[in-house]
Number of protein chains: 2
Amino acid sequence: MNEIKVGLIGFGNIGAGVVRLLQENAQTVQQKVGSGIILKRIADLDITSDRGVSVDPAMLTTDVNEIFNDPEISIVIELIGGYEPAKTFVLKAIEAGKHVVTANKALLALHGDEIYAAAARKGVEVQFEAAVGGGIPVLSAIKGNLSGNRFSSVFGIMNGTCNYILTRMTQEGADFEDVLKSAMELGYAEPDPTFDIEGVDTAHKLAVLASLCFGTKIDFNAIHTEGITAISGIDIRFAEQFGYRIKLLAIGKLTDDRQLEVRVHPTMIPLRNPLADVNGVFNAIHLTGDFVGPVLFYGRGAGQNPTASAIVGDLVALSRSIAAGVQNRRSAPLGFLDNTITTLPLKPMEEIITSFMLRFTAQDQPGVLAGIAGVLGKNGISIESMVQTARHNGGQAVPIVIKTHEAREGAIRTALAEIDSFDFISEKSRLIRIEDNLE
Amino acid sequence: MNEIKVGLIGFGNIGAGVVRLLQENAQTVQQKVGSGIILKRIADLDITSDRGVSVDPAMLTTDVNEIFNDPEISIVIELIGGYEPAKTFVLKAIEAGKHVVTANKALLALHGDEIYAAAARKGVEVQFEAAVGGGIPVLSAIKGNLSGNRFSSVFGIMNGTCNYILTRMTQEGADFEDVLKSAMELGYAEPDPTFDIEGVDTAHKLAVLASLCFGTKIDFNAIHTEGITAISGIDIRFAEQFGYRIKLLAIGKLTDDRQLEVRVHPTMIPLRNPLADVNGVFNAIHLTGDFVGPVLFYGRGAGQNPTASAIVGDLVALSRSIAAGVQNRRSAPLGFLDNTITTLPLKPMEEIITSFMLRFTAQDQPGVLAGIAGVLGKNGISIESMVQTARHNGGQAVPIVIKTHEAREGAIRTALAEIDSFDFISEKSRLIRIEDNLE
């Protein structure tokens, strides 16, 4: 039978991994698809740098239109990342009647609707397993064998850079800035790590995951997104004293009244939670379905090889479908058929209920604790336990750390604002959310 | 569009779960498939017992031919288990041109070849996600998005009954027989638990898993299969002293010279291994692919609801494929196209190299340790450490426990046979394999 011809846009680190996988495992891929998957053309602005893989120079082009205009090419892989020109290229590929494989979570989180609609009009598919969890095949599982479930939650560790930094901060007692610097030197953080450390990359992934789990459109800008830049060594040590570890979690929950919680923030999880032991650049994603119950997926969430695995997995799926001669290709990039996608209301962050670790920095003087406890009580927040470090010889600022029972986030914010107006408070008070019963 | 009509053979616990899922989540399924999946007929010898789900009595029949002969039924679910009449029924369904969904690992492990060949001849599909890992969608992942990988290993905890028993033995210091009895009373073990506790069920699952990972036929009877019946509380406590936990593992490895290791036995794994914390009825399956690296799947490995999730996932996949109007259905029940399946040679158990915990029961007299150590040394087995319990007042049998460095299993067996011939040995010596670096 005929070979499946593929065009690749973006010949960076991940693109080179895809090229290498298709070369090294050509036989394996052919055993699955029945025909070879042939990379016919690679477009990039830079076609001279050495990518560590050997390709026929005639395959390289700086003109992306050579891919769109090639009638032999049936699948286009987009690996340039970011919003533009990725979006234009993806839409052009669809317009040219090509199936699309992309790892671009930013693009899908913000412009997924437009891309899926264009694909539906042209009768082509958009596959994006590599967009979440690197090589972990979690999106395929949600869209595939777990299809019969109604999901109540999805949460996990989805950014390797943040998890690497938090792991080293935890294990070495090191501070954020020092570990970030070292991570950049070692290549575990991008030269501009803003999207990672501010939680934006995790929020992109949560938007994609939650849309698949719950069959809903999600307004990306409405996702509560907090990164790890404000986490200090002192937070990590106090969390340990209470029996918790701090991880940057993405959390999506469907409430009983069908509101959606979607939030990304540093989270204290009990040491017994399996996610507490997910360290370094590993990712773990936890789902709960009404029939399957809890399911956890764990693996490498980024990197050249795992990402290439996910992209080639998508190529294999599309190639099988092309080879099978599908007659009625129906549009369901989220697993749900397009016309069944809803827009669930998002639960306002102020309404979210968790317990909290609150850290106050106060002058060491009489009446401080009474003042803080009074404001908390007035706002209906009850204290479960408290840690106060040894008193200094008067006058100095000391940390007071309180673990609350469950409380409304809105009440906590009101209370902190009032407490921060006390004269004895010398720094903005901090909150870290605690999830005792994630499931 | 037309509805997909399904026939169910076997209306037991799992069958009732499938019925309930299709009832409760009918809308969810329809949102994925585009049409309803309608259970048209249920065949069972007993059609009067209450299964806790409400079905139209007209749907029930004791004559399985009413399913095979119904031209409206395009998918048959086989849930009677065991070899016969399940095999006859599956082959009849295929002969009648129906796709088959089954959870029957015993059938597939022993007669998969014949069933897959029959399905290929008739151009129908056989799906069996529920056969391994309950609701965990690991088979779909291997056949699907991980397709681009060459796997080097697959291992895991795949039998909830054994894991429940070992977990309670570990946590309570209880003995095997007591926990088994309690497990049977609580419904965590079958009335006849032989296949579970002797490792046979785990070996069935390993045969299926390894055939998918490595694209090979496997002679089920050649799988080294040991259950947990000989594990005692004393083994568990000595393993803990050495820093290990005992789990019943299924292990499949492809060696560098393309021999296949497939074995099921109680295994000591380091406490830091994530599988050490997989407790109770949970399952976990670990894969290593050359590009994806390590991936771990964790969830409920058995039970009515998780198994129903996997079965309905297969129904959804087949229904989508039917609805898509596939023209060239190619036979690849193992992910690999049938004509690419090989038969890899199995590595003889005697050639397997691991380290070992050896437990001797010897009279407490001079020269015992010298005798044991001498035989081990003569067979090229070196001792890493030893635990000897406090000496009694002479004459009584005491345990001597030795952890070896890596050694050939054949050498260990030869040494144990020779040691067991010593007069001072009062019970058959025991070995438990240690896997320090599973990956």
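Residues numbered from 1 in each chain as written. Chains lettered and ligands numbered in written order. Predicted model: local features only at pLDDT ≥ 70, side-chain atom pairs only at ≥ 80, totals over all residues. Heavy atoms only, no water.

## Side note on the overall build of chain A
Item 1. When its secondary structure is counted, chain A shows 14 helices and 17 strands.
Item 2. The C-alpha atoms of chain A give a radius of gyration of 24 Å, which matches the 22 Å a tight globule of 439 residues would have.
Item 3. If you line up chain A on its principal axes, its C-alpha atoms span 85 × 45 × 35 Å.
Item 4. The 439 residues of chain A split such that 61% are buried.
Item 5. Taking the contacts inside chain A whose residues are at least 6 apart along the sequence as the reference set, 74% of them involve residues at least 24 apart. (Helix = DSSP H or I, 4+ residues; strand = E, 2+ residues; numbered from the N terminus. Rg over C-alpha atoms; globule rule 2.2 N^0.38 Å. Buried < 20%, exposed > 50% of the residue type's maximum accessible area, 1.4 Å probe, protein only. Contact = heavy atoms within 4.5 Å.)

## Details of the packing of helix α2 (residues 26-33) of chain B against helix α12 (residues 304-323) of chain B
Any two packed helices are characterised by how steeply their axes cross, that is the angle between the axes, and by the distance between the axes.
Residues and elements named next belong to chain B.
Item 1. Orientation of α2 relative to α12, taken along the N-to-C sense of each, is 35°, at an axis distance of 10 Å. Crossing geometry of α2 relative to α12 is assigned as right-handed. Residue-level contacts link Val29, Lys32 and Val33 of α2 to Val312, Val316, Ser319 and Arg320 of α12.
Item 2. Residues that form the contact of α2 with α12 fall into these classes: four nonpolar, one polar and two charged. (Axes fitted to C-alpha atoms, helices over the stretch in contact; angles between N-to-C directions. Left-handed = near helix turned anticlockwise from the far one by under 90°. Nonpolar A, V, L, I, M, F, W, Y, C, P; charged D, E, K, R; others polar.)

## With respect to the sheet that holds strand β5 (residues 99-102) of chain A
Residue and element names in this part refer to chain A.
Item 1. In space, the six strands of this open sheet follow the order β3-β2-β1-β4-β5-β6, with parallel pairing throughout. Of all strands in the sheet, those bounded by a partner on one side alone are β3 (60-61) and β6 (126-127).
Item 2. Where strand β4 (residues 73-78) meets β5, four bridges bridge the pair, whose relative direction is parallel. The residue bridging glutamate 78 from the neighbouring strand is threonine 102, located in β5. (Pairing = 2+ DSSP bridges.)

## Some points on the UniProt feature "binding site: NADP(+)" (unreviewed entry) in chain A
All names here are of chain A.
Item 1. UniProt's entry tags Ile9, Gly10, Phe11, Gly12, Asn13, Ile14, Gly15 and Ala16 with the feature "binding site: NADP(+)" (unreviewed entry), counted in the numbering of this structure.
Item 2. Turning to its location among the elements, glycine 15 is positioned in helix α1 (residues 13-24).
Item 3. Not counting chain neighbours up to four residues away, the residues in contact with glycine 15 comprise Leu8, Gly10 and Leu79.
Item 4. Inspection of the secondary structure puts alanine 16 in helix α1.
Item 5. Accessibility expressed as a relative area gives 1% for alanine 16, which makes it buried.
Item 6. If sequence neighbours within four positions are ignored, alanine 16 has contacts with Phe11, Arg51, Val53 and Gln304. (UniProt positions renumbered as here; feature names shortened; annotations may be inferred.)

## Some points on the environment of valine 387 of chain B
Residue and element names in this part refer to chain B.
Item 1. Tracing the backbone shows valine 387 in strand β14 (residues 383-388).
Item 2. Residue class for valine 387 comes out buried when judged on its relative accessible area of 17%.
Item 3. When the C-alpha atoms of valine 387 and valine 401 are compared, they prove to be 5.2 Å apart, with 14 residues separating the residues in sequence.
Item 4. Not counting residues within four places of it along the chain, the set of residues in contact with valine 387 comprises Phe238, Gln241, Phe242, Pro399, Ile400 and Val401.

## Overview of the relation of the copies chain B and chain A
Item 1. With an RMSD of 0.0 Å, chain B superimposes on chain A once it is rotated by 180° and translated 0.0 Å along the axis. Given the turn and translation reported, the copies of this chain are related as if by a two-fold rotation axis.
Item 2. In this assembly, 100% of the residues forming the interface of chain B have copies in chain A that are likewise at the interface, indicating an isologous arrangement. (Least-squares fit on C-alpha atoms with pLDDT ≥ 70 in both.)

## Here we look at the pairing of strand β15 (residues 397-404) of chain A
All names here are of chain A.
Item 1. Among the eight residues of β15, seven are classified as buried, and the element is accordingly described as predominantly covered.
Item 2. Note: strand β13 (residues 353-363) against β15, seven bridges, orientation antiparallel. For arginine 359, the partnering residue across the bridge sits in β15 and is valine 401.
Item 3. Pairing of strand β14 (residues 383-388) with β15 involves five bridges; the strand directions are antiparallel. Within β15, the residue paired with serine 385 across the bridge is lysine 403.

## Regarding the packing of aromatic side chains
For any pair of aromatic rings, the description rests on two quantities: the centre-to-centre distance and the angle between the ring planes.
Residues and elements named next belong to chain A.
Item 1. In this structure the tally under the stated criterion is eleven aromatic pairs over all chains.
Item 2. Between phenylalanine 282 and tyrosine 298 the ring centres are 5.0 Å apart and the planes differ by 5°, which places this aromatic pair in the stacked class. With a gap of 16 residues between them, phenylalanine 282 in strand β11 (residues 282-289) and tyrosine 298 in strand β12 (residues 293-300) connect regions that are remote in the sequence.
Item 3. For phenylalanine 282, a relative accessible area of 15% translates into the label buried. (Phe/Tyr/Trp six-rings, centres within 6.5 Å; stacked < 30°, edge-to-face > 60°.)

## Concerning the interface of chain B and chain A
Item 1. With 58 residues of chain B at the contact, the number on the chain A side is 58 residues.
Item 2. In this assembly, chain B and chain A are joined by zero salt bridges.
Item 3. Taken together, the links from chain B to chain A amount to 30 residue pairs in polar contact (both at pLDDT 80 or more).
Item 4. Contributions of two or more residues to the side of chain B that touches chain A are made by α1 (13-24), α2, α6 (138-143), β12 (293-300) and α12 of chain B.
Item 5. The leading source of residues in the side of chain B that touches chain A is α12 of chain B, at eleven residues.
Item 6. With five bridges connecting them, β12 of chain A and β12 of chain B associate as antiparallel partners. Among the inter-strand pairings, phenylalanine 297 of chain A is bridged to a residue of β12 of chain B, identified as phenylalanine 297 of chain B. (Salt bridge = Lys/Arg side-chain N within 4 Å of Asp/Glu carboxyl O. Polar contact = N/O pair within 3.5 Å; in protein donor to acceptor, adjacent residues only side chain to side chain.)

## So, the packing of helix α4 (residues 86-95) of chain A against helix α5 (residues 105-122) of chain A
All names here are of chain A.
Item 1. Interaxial distance between α4 and α5 falls to 9 Å at its minimum, and their mutual angle equals 15°. Classified by the angle between their axes, α4 and α5 sit roughly parallel to one another. When you trace α4 past α5, the crossing you get is right-handed. Seen from α4, the contacting residues are Ala86, Lys87, Val90, Leu91, Ile94 and Glu95; seen from α5, they are Leu107, His111, Glu114, Ile115, Ala118, Ala119 and Lys122. (Parallel < 35°, antiparallel > 145°, perpendicular 65-115°, else oblique.)

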